[in-house]
Amino acid sequence: MLPSPSSPSPARWFRTLRRTKSTEQSSKLSLSVCTELLRKSREALASGRTLREEFRLSQLEALVRMLVENEDEFVDVLHKDLHKPRFETVLSELILVKNEALFAVNNLKKWMNPEYVARSLVTSLDECFVVSEPLGVVLIIGSWSSPVQLNLVPLVGAVAAGNCVILKPSEISSHTTELLQRLIPSYLDTECYHVISGGPSDLTDLLELKFDHIFYTGSRATGQQVMQAAARSLTPVTLVLGGKNPCYVDRECDVGIAAQRIAWARFHNAGQSDVAPDFVLCHTDVQARLILALRSCLLQFYGPEPRHSASFGRLVNAELFTHVRDLVLASGKVAVGGEMDEAEKYIAPTVLTDVLESDPAMQQEIRGPVLPIMTVYSADEAINYIRRKEKPLCLYVFSSDRKVISNMMTCTSSGSFCANDSVLQSMMVMLPFGGVGASGMGSYHGRCSFNTFSHRKSCVLRNTRVECVTYLRYPPYEDRSLSLMMWASSLSRRSQAWCQIL
Amino acid sequence: MSDYGAIVQKLRDSFGTRKTRPAEFRISQLNSIVKLLRENEGAIVEALERDLRKPKFETMISEISMAINEANYAINHLASWMKPEHVEKSLVMKFDECFIRKEPLGVVLIIGAWNYPVQLVLVPLIGAIAAGNCAVVKPSELSDSTSSLLTELLPKYLDQSCFSVVCGGAKETTELLEQRFDHIFYTGGVSVARSVMRAASCHLTPVTLELGGKSPALVEGSCDVTATARRLVWARFFNAGQSCVAPDYVLCSPETRRLLLPALRDCITQLYGTEPRESRDFGRIINQRHFERIRDLLSNSQGRVEIGGETEEGERYIAPTVLVDVSESDPVMQEEIFGPVLPILTVESLEEAINFINRREKPLALYLYTGDSKVVTKVMECTSSGGFCSNDGLVHMTVITLPFGGVGSSGVGRYHGRFSFDTFSHQRSCVLRGFGLEWANQLRYPPYSEQKLERLLQATQERKWSCTLL
């Protein structure tokens, strides 16, 4: 590990910060504050320090240290915000970010090197390559459901690519946001990286400013608002949007294992996940067994009273609680669970059956620990249902029949796909993660994050010594030189090589 | 339903039949594009002659040949592009299949531009076809001879159930943009690009915007002045200056300017003769509006015409022109010229030139003429642009293995070669597991415990300088 710059221990930092905590520390969003932060960031960018590999490495390593040294604080705030168990916080938030940061550290040199491309015979005297440059100052708007990971994983990419960043975590996961606002200035360069907070109306103001990229995770409606605002300044955007992720359970399937894997995915974080299966399309032949298996899994996971289980979360706020409760009350029949407590924002892990396509639970994104199961009579019916809807962020299928899996995969479209499990494809650093159609545009994770926050500039370096090669292209044009040029520059169908004479 | 709605629906229905998926279909359509170009070479040359007085030579190499090469390159590589890309797996995922599928987006819209009306429609179309999409193509109404020709020819060569051509101007384009597409590819100017992106945002449609801007050409003291002049002249006055990547203005020291001007004059004469108006090798401005725009830039400029400056309205002719004593606030420096006029601004140092460039919007291309490789590195690293080329002009966009696109206000996204295929594809991450090894999953299930967490952490943490386990 690179030696950290000498600084007081984190504990002392916190004590100092708490003593001097004032309005300037909280950077509550206001347009003038943001304009100033943007100006500061542009100045920091212009200084060139983010261009250096050592700088980026030091920032990424500082981020890792921040997570390691403050693990307990993160566990605490996530528990306050979402009643998230320590196990989930460590594995699905902290480790994910750490892995991404270390992956970037391990590969940064390679990513920053120019990529030389195949050249033609004639341009072999030239250098042709693609070099990655930072875009500039990027805005990252993270969501509340996994507030550490959804803010810091894009931040890793933006930092690795050499940008300055304005990070806006969600005001809904307020304790986590406040912790990030407090910690990040203690670990990262305070000129280059800023954390702000604010509500939905503040977002409109923020989007008036010009950034070089906007990365947004959240709802479709706000995603549209972000892209519309970005259109004014032609700012590129990455949008990772929620929706309803379908999960098809086939008649040929190990129902017991499928139930475990689905239950794990659906009910972790009390169902508040962009990537969990949102509903099940279950083949009629296995539906009864699936429900039994789910009931038994839930008992095994959370005990007879999930409310008392330390492994089960709560809904983030009253608004979401009401939304999920109303969906449950208006849709199908409760087969498992259904208990609720408004004061605790607790909804038991719930399975709904006899659900119709027109039910609210099948029309709106659920975002809670409720799994509707709709019956289908064939895999084809499931495919047709899925294709009638908007392209989801994730699509899942449980089947031991390879043909069913293959059909499902080739006849549908989704951000990502997983057979016989779920969520995992969104956690692998080697796979791009993102949406398509209404579930978003662009992708990130691993090298993809670095690319998302970079401009890949094409470069051709020539010299002027070999003018004999290019003379054919100049006027006065002659038919005979044209023939020669066409012959020389035409790509042959038969050969893999190509020739470029310009 | 409007006409456009019906067109898009028809394409969507075709896309739903999956006929564009097999490689054979895509290759057959790409072959048809090659056939279209080869069999109608004469007609295309004539159409471009009518629209832009484009010399046959320029049409052949910058329109027909470029499109044929892109089509053949796609045909040659399609199999490898379509193959799923398997990724490195961790030990824990050893028995799973983890790969990225390349899938078509659906129905895409391609809006072409008038300056290279064949290439700017067909090269994106080639990418869209290679990636398995259906497409609506809207050529520019300004290059109306070429657009009419494409409107007539494309349906004859391509599968009409999958590819449609729509004609029209601003009003028709606005109506077309109300439809929902799965990707919009636009080449043109900044203000229409904003409307395109705004319209796209209503449907969350991703966009590729190939725009322009003022591409600077730095001419540094150690360059080979003669070769530089020849290449600058070629790049600037090709297609009568109507290229999005043409050098738009020159930055050099007063001393370099003193040497450059006679060289430019000589080159212009060598390439276009003493009366460029009589040269068959020099084009014309696309229409009256642009002719007047450029002529007004010239007359309102506070600089001095050093070379050229003649105009002739009837022919929409503007002579290859070099302006000097131009300042940053000059009208000619406020917008992309897009015509055969090259202003030269003087700076005292390389740093001043770099600062000048960095004060402005990021350009589509940045050119540098120098004999010193350290200067190349410095300028390349200290500035940002869509593309960069030293000691030449335009050519970086013809290297098929390099992505072509802008950054900042010069554009969003990129294409050419494999990058066209990628632009029109969705890269879908897939993980295929079996039902085995469930014992390995037990660690992740509730009820949670510190022991389970410890064991999982051992298996899943990335370490610095070591292999990935998850």
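The rules behind these values
- Residues numbered from 1 in each chain as written.
- Chains lettered and ligands numbered in written order.
- Predicted model: local features only at pLDDT ≥ 70, side-chain atom pairs only at ≥ 80, totals over all residues.
- Heavy atoms only, no water.
- pLDDT = per-residue confidence, 0-100.
- Contact = heavy atoms within 4.5 Å.
- Pairing = 2+ DSSP bridges.
- Helix = DSSP H or I, 4+ residues; strand = E, 2+ residues; numbered from the N terminus.
- Buried area = accessible area lost by both parts, 1.4 Å probe.
- Salt bridge = Lys/Arg side-chain N within 4 Å of Asp/Glu carboxyl O.
- Nonpolar A, V, L, I, M, F, W, Y, C, P; charged D, E, K, R; others polar.
- Buried < 20%, exposed > 50% of the residue type's maximum accessible area, 1.4 Å probe, protein only.

Caption draft 1: Geometry of the confidence of the model for chain B. Residues and elements named next belong to chain B. When pLDDT is averaged across chain B, the result is 94; 97% of the residues are at 70 or more. For the stretch residues 465–470, pLDDT sits under 50, and the model shows 19 contacts to residues farther than four places along the chain or on other chains. Two summary scores accompany this predicted model of the complex, namely pTM at 0.94 and ipTM at 0.95.

Caption draft 2: Layout of the sheet that holds strand β15 (residues 394–398) of chain A. The strand order β10(A)-β13(A)-β14(A)-β9(A)-β8(A)-β15(A)-β16(A)-β18(B)-β2(B)-β1(B) describes an open sheet built from 10 strands, whose pairing is mixed. Strands with a single pairing partner mark the edges of an open sheet, and in this sheet they are β10 (333–336) of chain A together with β1 (85–86) of chain B. Sheet analysis places strand β9 (residues 279–283) of chain A next to strand β14 (residues 370–376) of chain A, joined by four bridges and oriented parallel. By the bridge assignment for β14(A), Leu281(A) is matched with Met374(A).

Caption draft 3: Just the interface of chain B and chain A, in detail. Between chain B and chain A, the contact holds 117 residues from the first and 116 residues from the second. Sorting the residues of chain B by area buried against chain A places Phe57(B), Leu204(B) and Phe435(B) first, and these three jointly supply 9% of that buried surface. Counting across the chain B and chain A interface gives eight salt bridges. Between Asp392(B) and Arg462(A) there is a salt bridge; the shortest N-O distance is 2.8 Å. Looking at the side of chain B that touches chain A, the element that brings in the most residues is helix α4 (residues 56–82) of chain B, giving 12 residues. Within the side of chain B that touches chain A, the residues separate by chemical class into 53 nonpolar, 35 polar and 29 charged. Looking at chain direction, strand β16 (residues 416–419) of chain A and strand β18 (residues 425–432) of chain B are connected through four bridges and run parallel. Looking at β18(B), one finds that Cys418(A) is bridged to Val431(B).

Caption draft 4: Quick look at unusual backbone geometry. Residue and element names in this part refer to chain A. Here Pro-475 and Pro-476 are connected by a cis peptide whose omega angle stands at -5°. When you line up the elements, Pro-476 lands in the loop between α18 (467–470) and α19 (479–489). Notably, Asn-269 is not glycine yet its phi reads approximately 60°, a positive angle. Structurally, Asn-269 is set in the loop between α11 (255–267) and β9. Look at Asn-269 and you get buried, because its relative accessible area is 3%.

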